[in-house]
Amino acid sequence: MRLQGKTTIVTGAGGGMGLKIVEFFLREGAQVAALDLNTAPVKQAFNQADNSRLVVIEVDVTSESAVIQAVQEVVNRWGKVDALVHAAGIAQPATPVEEVTKAEWERIMAVNVTSAFLLSKAVIPYMKQQRQGVMVHIASIASQRPRPGLNAYIASKGALVALAQALAIELAPFNIRVNALNPGPTDTQMLGQFAADGTDSEQTKATVFKQSVPLGRLIKPEDIAHAAVYLCSDEAQMVTGAVFNVDGGRGL
Ligand SMILES: NC(=O)c1ccc[n+]([C@@H]2O[C@H](COP(=O)([O-])OP(=O)(O)OC[C@H]3O[C@@H](n4cnc5c(N)ncnc54)[C@H](O)[C@@H]3O)[C@@H](O)[C@H]2O)c1
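In what follows, the accompanying structure is described.

Reading guide: rules and limits
- Residues numbered from 1 in each chain as written.
- Predicted model: local features only at pLDDT ≥ 70, side-chain atom pairs only at ≥ 80, totals over all residues.
- Heavy atoms only, no water.
- Near = heavy atom within 4 Å.
- Polar contact = N/O pair within 3.5 Å; in protein donor to acceptor, adjacent residues only side chain to side chain.
- Areas by Shrake-Rupley, 256 points an atom, 1.4 Å probe, with all protein chains shown as cover.
- Helix = DSSP H or I, 4+ residues; strand = E, 2+ residues; numbered from the N terminus.
- Nonpolar A, V, L, I, M, F, W, Y, C, P; charged D, E, K, R; others polar.
- 1 Å grid on protein atoms, 1.4 Å probe; cavity = no way out; pocket = protein on both sides within 12 Å on 5 of 7 lines; lining within 4 Å.
- Points joined across faces, edges and corners; volume = space filled by probe spheres on them.
- Salt bridge = Lys/Arg side-chain N within 4 Å of Asp/Glu carboxyl O.
- Buried < 20%, exposed > 50% of the residue type's maximum accessible area, 1.4 Å probe, protein only.

**Some thoughts on the site of the ligand**
Move 1: Within the structure, the ligand sits among 29 residues, and Gly-16, Asp-36, Tyr-153, Thr-188 and Gln-189 are positioned closest to it.
Move 2: Here an oxygen atom of the ligand sits 2.4 Å away from a polar atom, N or O, in the side chain of Gln-189.
Move 3: Protein burial of the ligand: of its 830 Å² of free accessible surface, 94% is covered by the chains.
Move 4: For the shell around the ligand, the elements supplying multiple residues, two or more each, are helix 1 (16–27), helix 4 (102–130), helix 5 (151–171) and helix 6 (189–192).
Move 5: Of the residues forming the shell around the ligand, the biggest block, three residues, is contributed by helix 6.
Move 6: Each residue belonging to the shell around the ligand can be placed in one class, and the counts come to 15 nonpolar, ten polar and four charged.

Below you can see the structure in the form of structure tokens.
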């Protein structure tokens, strides 16, 4: 019960990593607000009616008003927000940069970075009030070790890491910790979406991505959930501004 009593907002909760994060956080005793644009997977995996520590909220994390409303709903229900784990994100099929449209660029930035600004902005007043809090922004090892064609995605994740570090120094006086978590290639449905259009994504997963991990296997959603539990727990009370790689050595 390493997160006993902690009220946590998990975004991207219906995704591969998000579902595991919700499961692990509930198991560790947290109250969890599971946010996603697509709430069906999380509703299917967990029975809200049976669990007073879970609420599922449909939210587009690029909408400032929707984010504020969701955070307000959490505070109305549990009176506080102790932790934010931001896992919502979108991929980019490998594309030469000159073929990326401005609209595609802006969409990736909005979902992967602007969302983090909006969510952080919405939870910080409550965290400041209680003089404690923790945020984990899920970026990507690609922010340190790029792959060709993932230009907008990599730029968005690099900005997300920089934002996490900027917030870490700004919020340290309020005892609010902010860390970036960089997954390596992780076995979720998103991974196949990084393949160039028209290529076999399953084949790419099994070969290109797996071979790029020195420890010899894809990262599992569980690996990410373990790290998120640690970073949100009191065991990590002196960990802030960290760029925490869970990548099997991919970044080396
Ligand atoms: N899978 C990988 O290989 C990998 C590697 C490094 C980093 N990441 C990052 O990890 C995070 C989780 O990825 P995943 O692999 O679980 O992917 P996923 O596609 O399984 O989950 C992403 C979730 O985000 C949600 N989402 C997308 N846009 C949204 C929006 N506007 N509002 C609310 N929710 C929205 C989706 O509905 C989905 O449930 C992402 O930020 C991703 O960029 C993934």
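Now that the structure is up, let's keep going.
**A short note on the layout of surface pockets**
Empty space left among the atoms is revealed by rolling a probe the size of a water molecule over them.
Move 1: Volume-wise, the largest pocket comes out at about 810 Å³.
Move 2: What lines the largest pocket is a set of 44 residues, among which Ala-87, Ala-88, Gly-89, Ile-90 and Met-190 lie closest to the centre.
Move 3: Among the secondary structure elements, those contributing two or more residues to the lining of the largest pocket are helix 1, strand 2 (31–36), helix 4, helix 5 and helix 6.
Move 4: In the lining of the largest pocket, the residues fall into 23 nonpolar, 14 polar and seven charged.

**Re the pattern of salt bridges**
Move 1: Enumeration according to the criterion identifies nine salt bridges in this entry.
Move 2: We note a salt bridge from Lys-121 to Glu-64, for which the minimum N-O separation is 3.5 Å. With Lys-121 in helix 4 and Glu-64 in helix 3 (residues 64–78), the pair connects residues that are 57 residues apart, well separated along the chain.
Move 3: Note on Lys-121: relative accessible area 46%, which makes it partly exposed.
Move 4: Between Lys-80 and Asp-82 there is a salt bridge; the shortest N-O distance is 2.7 Å.
Move 5: One salt-bridge network, in which partners are shared between bridges, spans Asp-187, Glu-202 and Lys-205.

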